[in-house]
Each structure stands twice: as structure tokens, then as C-alpha cells.
Amino acid sequence: MEEILKTVFDESAKRTFIEHGFGKTILHLFSFPFEMWYHFLPWTLLVICFFQKNIFQKIKENKFITWNLLVLLTTILPYWSAVEVYPRYLFMHVPLAFSAFFYFYLKNKEEKGWQANMVEMIFFAATCLSVIAALLPIGWDDAQDVPYLLAKSIGLSVFFILLTYLFWTWKPHRMLVFVLVLLTARIGYNFFILPSRLKIECSTEVRESSHKAVELAGEKPIYIYKNSLGFQPMTGYYFTRETGKILRKHYDKTEPGAFYIVLPNFYDRTVFDNLMKLKIKWQCRDIIFGQAWPEKE
């Protein structure tokens, strides 16, 4: 129980002023709303619909929206005051906030207010730009090896043209059309951006260097020298998958001819032959893949 309580306290304290100081904490209090607003774009643009007279009175008119906003404001405070917060921590707050966003959007639309029109015009402009954006990969060097590049790019652009037409003409359901725009944009992202990112991702280097190390070792055993690898499940997975054997730590005297994953701090030229650099995921760092020198006769 003592260990559990210690872990809970450490994990909680490291996200507060105790770990980061008052300066970063105060800065976070001001930046948090804008940062989260940015991460959940474009739907957070609906906050424009809150900019109207008697907004608090209108909130109180709907008990469901009032309850959602009260729950949102009370439960988000721990995250607002914590410096080390990621957008994924707030997913459970999204329904609470978005219910209010869409309620006031629809209410404003019924009243023919400028707020709803402004949001729709911004979304329409984004839809129009997507028509052009879908064609950009054709001239992008990093996308040239994407299969059926021309067909995918033109096909997406044509579909965006159709969605642009629907958005303009299908006024009662513009938000549904914009959902389709975002889903189509995500498909385009998967087509063109992910393959190019894969080339430069650290995880790709981790996989390739791990495979190269296994090929270099052949049938000889591979060990982690003491605590050299730390907590790096990705590297452990690739070595285990390729060798069919669990990657184990070795604390005792090195086995002559065996291969070792060695942290540079533990590396000793009299013990290991440095064969290659092995990439690990943590900070995309290099460690050593070496072979233990054979015993001298």
C-alpha cells in the first residue's frame, strides 16, 4: 500500500507547481484554454456562437446544457491547474463542451444570428480550400512513390467539389456535410502524409536498425547488457519477433561471441566490439550493438 500511495503522489505531483515551479504553472493557467481550443479545431470554432447578449440567461433556460457546462467547469479544473496535460486527457470532456457548442449554434441559426453564419462561412472556406489541397500532392516530391498518386489526388479533389456543392445548397445539414469533408480529408492524410512521415519517423529507424542487428547476429545469442535498454518495448518486440526468442538481460560475465545491446555508459572496449549503432524510441537515441570479445587463450 505504501508503494501504491507513493506512486500515486509522484504521478500527481510531477504535473503541478511542485515539479514545474510557479512560473510555468501561472503561464499554463493562461495558455491552457487557447491550447485546448487549438487542439480540438475546427469544431471549437463554434465557441463563436457564445458571443451574444444575455448568454448566461440563455444557458440557464436549458437545464441539460446548464448541467453539462457546470460538470465541464468543475471537472476540468484539475487539468487546467496541471502543467503537464495532453489533449487526450480531455476526451471525456468533449461531449460536455460540444453539446453546448451545437445547442447554441442551432439556436443562433434559428434566430438568423451572425455567429452561426460566420462559422458556416469559415467551414465553407475550408471546404473550398480542400479542393485545391487535394491536388497539391501531385507536385510534392515526398509523395511521388504513393501508388496511384494521380488517381487518388484527382479523385479526392472531385469529391471535395461535390461536398462543396452540397455544403452550399444543403443548408439545413451543413454540419453533416462538413463531417464528410473532415473524414475525406483524413483519408487524404492517410494517402499522402502518413507514407512520407513513415520515412522519417524514429520508429522506422528503430525497426530497421533492429532488423539489421538481428541479421548481423545470425544464430548467435543476443542479450541486453545489464539495464542498458531500460523500458523500450518497441526494440524488445522487434528483436523477439525476428529471433523467436525473448530478449533477456545479462548481468553476469559476458558470454564470448554473444551479441549485446549496450548503453554507451556501460560500454567497455576491452569487453565489447562496437559493431553498429542501434536506434531506440526514447528521444530517438543511439545505443550500441556489440559483440563480446572471445576469451583469450
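Just so it is clear, the model here is predicted, and its values are computed rather than measured. (Residues numbered from 1 in each chain as written. Predicted model: local features only at pLDDT ≥ 70, side-chain atom pairs only at ≥ 80, totals over all residues. Heavy atoms only, no water.)

(A) Expanded view of the pattern of salt bridges. Under the criterion given, the structure shown has five salt bridges. Residue Lys279 is joined to Glu205 by a salt bridge in which the shortest nitrogen-to-oxygen separation is 3.9 Å. With Lys279 in strand β4 (residues 272-279) and Glu205 in helix α10 (residues 202-217), the pair connects residues that are 74 residues apart, well separated along the chain. Its salt-bridge partner being Arg241, residue Glu242 comes within 3.2 Å of it at the nearest N-O pair. By relative accessible area, which is 41% here, Arg241 ends up partly exposed. (Salt bridge = Lys/Arg side-chain N within 4 Å of Asp/Glu carboxyl O. Helix = DSSP H or I, 4+ residues; strand = E, 2+ residues; numbered from the N terminus. Buried < 20%, exposed > 50% of the residue type's maximum accessible area, 1.4 Å probe, protein only.)

(B) Spatial organisation of the nonpolar core. Ranked by internal contacts, the top residues of the largest apolar core, which has 43 residues, are Trp43, Phe50, Leu69, Phe104, Val119 and Phe123. Within the residue set of this core, elements represented by two or more residues are α2 (17-39), α3 (55-61), α4 (63-75), α6 (94-110), α7 (114-133), α8 (149-169) and α9 (174-200). Take this core: its biggest share by element is seven residues, from α6. Here Trp43 is in contact with Phe98, Phe101, Phe102, Phe123, Met175, Phe178, Val179 and Leu182, once residues within four sequence places are set aside. Grouped together as the second largest cluster of nonpolar side chains are 15 residues, Ile224, Leu247, Met276 and Phe289 included. (Core = buried A, V, L, I, M, F, W, Y, C linked by side-chain atoms within 4.5 Å. Contact = heavy atoms within 4.5 Å.)

(C) Examining the packing of α4 against α6 more closely. At their nearest, the axes of α4 and α6 sit 8 Å apart, and the two run at 140° to each other. With respect to α6, the element α4 is oriented oblique. Note on packing geometry: the crossing formed by α4 with α6 is left-handed. When α4 is examined against α6, the residues Phe64, Ile65, Asn68, Leu69, Val71 and Leu72 are found in contact with a partner set consisting of Leu96, Ala97, Ser99, Ala100, Tyr103 and Phe104. Of the residues in the contact of α4 with α6, the class split is ten nonpolar, two polar and no charged. (Axes fitted to C-alpha atoms, helices over the stretch in contact; angles between N-to-C directions. Parallel < 35°, antiparallel > 145°, perpendicular 65-115°, else oblique. Left-handed = near helix turned anticlockwise from the far one by under 90°. Nonpolar A, V, L, I, M, F, W, Y, C, P; charged D, E, K, R; others polar.)

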